[in-house]
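Listed below, chain by chain, are the residues.
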Amino acid sequence: MCQVKVETNILEFNDDLATHNRQYFREQGLFVVNFMSAPGAGKTSVLEQTIQRLKTDYRLGVIEGDLMTTIDADRISALGVPAHQITTGTICHLDARMVHNALHSFPVNDLDVLFIENVGNLVCPVEFDLGEDMRVMVYSTVEGAEKPKKYPMMFHESTAVLLNKVDLIPYAGVSLDELQRNVREVSPATTIFPLSCRTGEGIDEWIVWLKAQIKTRQREAHRFPRTPLHTHSHHHVHQHVHQHVN
Amino acid sequence: MHEAAIAQGVLELAIRTSLQNGGGRINRIKLRLGEFRGVVREALEFSFEVVKRGTLADQAELEVETVKLRVVCAQCGECECSPRDYNFFCPTCGDPLQIIAGREMQLEYVDLE
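Residues numbered from 1 in each chain as written. Chains lettered and ligands numbered in written order. Predicted model: local features only at pLDDT ≥ 70, side-chain atom pairs only at ≥ 80, totals over all residues. Heavy atoms only, no water.

Draft legend 1. Inspection of the overall build of chain A at higher detail. Summing up its helical and strand segments, chain A has ten helices and eight strands in all. Radius of gyration (C-alpha) of chain A: 19 Å, near the 18 Å computed for a compact globule of 246 residues. Taking the principal axes of the C-alpha coordinates as reference, chain A spans close to 60 × 55 × 40 Å. Entry remark: accessible area of chain A is about 11000 Å², with carbon and sulfur atoms responsible for 52%. Charged side chains in chain A number 23 positive and 30 negative. The centres of these two groups are separated by 4 Å. (Helix = DSSP H or I, 4+ residues; strand = E, 2+ residues; numbered from the N terminus. Rg over C-alpha atoms; globule rule 2.2 N^0.38 Å. Areas by Shrake-Rupley, 256 points an atom, 1.4 Å probe, with all protein chains shown as cover. Lys, Arg positive; Asp, Glu negative; His and termini not counted. Charge placed at Lys NZ, Arg CZ, Asp CG, Glu CD.)

See the structure below:
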C-alpha cells in the first residue's frame, strides 16, 4: 500500500478545457460574457435589450444554455444575431466541454462579442469556468433582499450584478437599498446596476459600462496582437479529454 | 446536482493517479473542500458512491476535509476566522476583506493497494 500525493484541483477536467476555450477566444479577439441567474430572473430579456443597443457597433453572437427547447435561441435569432442553443437535458449548468463542442458547429471567429447565457440556476453554474472574460449575474429584485446572503457564491464571483425588474419593487415590498447593501457586502468589488428590461430604466448605465469593458479588451488585443490561428490545438485537446474519460 | 459531475472528475483524477503509479486498487481518496464553494459535501459523497462502482475505486473511501472560510484585512491586518453574515467588509476599518482560505477544491492524495 502506498500514498500518492496529488494536490490537484478536482475541477481540472473542466478548467483545462476552459483555459483552452479562453486561449481560442483571445486569438479570435473575442470578448466573452457568461450570464448567470436563477430561472426567470431575466437573462434573455437583458440580452435582448443589450443586443439591440450594441448590434450596430459590434458583431455579436449568443450561445444559449437550457435544459430543454430552443425558445431562447429563437428569441435571439429574431433580433438578427446568430444564436446557438445547447440543450443540456438534465444537467443544471454549462461546462467548458459543452461550450467547446458548440464552437465546432457555431463559428465565432468573425464576431467581436460572444454572450453565453447559462442554464437558469442560482448555485451550480458558478463552479464551471467556461473560458469567459467576465461573469455577469442577473438577479430579479422580486426574489427578495436576503438572497445574496443565502446564496453568496454567484454574487461574489460576478464582475457585475444586474438587479432586474426594479419596476416591480413597489408591488413586491422589497427594499432596493437593503438588496444593494447585501450584494455589496457579499461582493465589495462587484458593480451593481438596478434596471428594468420592461421599462428600460437603468439599461443605458449598464450599456455604457459594458461598452467600456469591451473597449478595454480591444485596446489590450491591439497592444498584444493576436497570434496566428492554430486550429489544430482544438482537435488535440478534444482527443486529450476523451482519453480522460476512458 | 453538479456534484455528480464533480464526483466524476474526482474519480477520473484518482484513476489516472493510480494508472501512473502501477494501477493498484484505490483504498482512499482525500479531498480538501472549501466551505465557500457551491458544493454540498453530502451530495458529493452520495454521487461518488454511484460513480465509483465497477472501477479501480470500487472499494475506495472518500474522505472530505472541510476548510473554513477565512478572511484577512490587508489594510489594518485584523484577521477573523469567518466573516459574519458573509459581509466582506472589515468590521474595524471598513476596507474590503480578502479570502485566504475556504475556496479549496483539491484532491490531496490517494492511497493505493
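After that view of the structure, there is still more to cover.
Draft legend 2. Molecular detail of the sheet that holds strand β6 (residues 105–112) of chain B. One open sheet accounts for four strands, arranged β1(A)-β6(B)-β1(B)-β2(B); its pairing is mixed. The open sheet is flanked by β1 (2–9) of chain A together with β2 (61–67) of chain B, the only strands paired with a single partner. Ignoring strand direction, the axes of neighbouring strands in this sheet form an average angle of 15°. Examined bridge by bridge, strand β1 (residues 26–34) of chain B and β6(B) share seven bridges and lie antiparallel to one another. Pairing of K30(B) across the sheet is with Y109(B), part of β6(B). In the packing of helix α2 (residues 41–51) of chain B onto the sheet, the strands contacted are β1 and β2 of chain B, and the crossing angle to β2(B) comes to about 165°. (Pairing = 2+ DSSP bridges. Axes fitted to C-alpha atoms, helices over the stretch in contact; angles between N-to-C directions. Contact = heavy atoms within 4.5 Å.)

Draft legend 3. Region of the structure containing helix α8 (residues 176–186) of chain A. Residues and elements named next belong to chain A. For α8, the set of buried residues is L179, N182, V183, E185 and V186. Each buried residue of α8 sits inside an arc of 165° when the element is viewed along its axis, so together they form one side. As for α8, its buried residues are in contact with β6 (134–140), α5 (147–150), α6 (152–156), β7 (160–164) and β8 (191–194). (Buried < 20%, exposed > 50% of the residue type's maximum accessible area, 1.4 Å probe, protein only. Arc of directions from axis to C-beta.)

Draft legend 4. Summary view of the sheet that holds strand β5 (residues 113–117) of chain A. Residue and element names in this part refer to chain A. Strand order across the open sheet formed by seven strands is β4-β3-β5-β2-β6-β7-β8, with parallel pairing between neighbours. In this open sheet, the two strands that pair with only one neighbour each are β4 (83–87) and β8. When the angles between neighbouring strand axes are averaged without regard to direction, this sheet yields 20°. The pairing of strand β2 (residues 31–36) with β6 spans four bridges and is classified as parallel. When the bridges of β6 are listed, V33 appears paired with M134. Lying on the sheet, helix α4 (residues 96–105) is in contact with β3 (60–66), β4 and β5; it crosses β4 at an angle near 135°.

Draft legend 5. Region of interest: the nonpolar core. Ranked by internal contacts, the top residues of the largest apolar core, which has 30 residues, are F35(A), I51(A), F115(A), W206(A) and L210(A). Looking at this core, the elements that each hand over two or more residues are β2, α2 (43–54), β3, β5, β6, β7 and α9 (203–223) of chain A. Per-element tally for this core: the top contributor is α9(A), with six residues. Core analysis: the second largest hydrophobic core is formed by 28 residues, L33(B), F48(B), L107(B) and V110(B) among them. (Core = buried A, V, L, I, M, F, W, Y, C linked by side-chain atoms within 4.5 Å.)

Draft legend 6. Here's a closer look at the state of the cysteines. All names here are of chain B. Counted under the stated rule, the structure contains zero disulfides over all chains. Considering cysteine sulfurs only, C76 is the nearest to C90, which forms no disulfide, with 3.6 Å between them. Of the residues examined, C90 reaches a relative accessible area of 5% and is grouped as buried. (Disulfide = S-S within 2.5 Å.)

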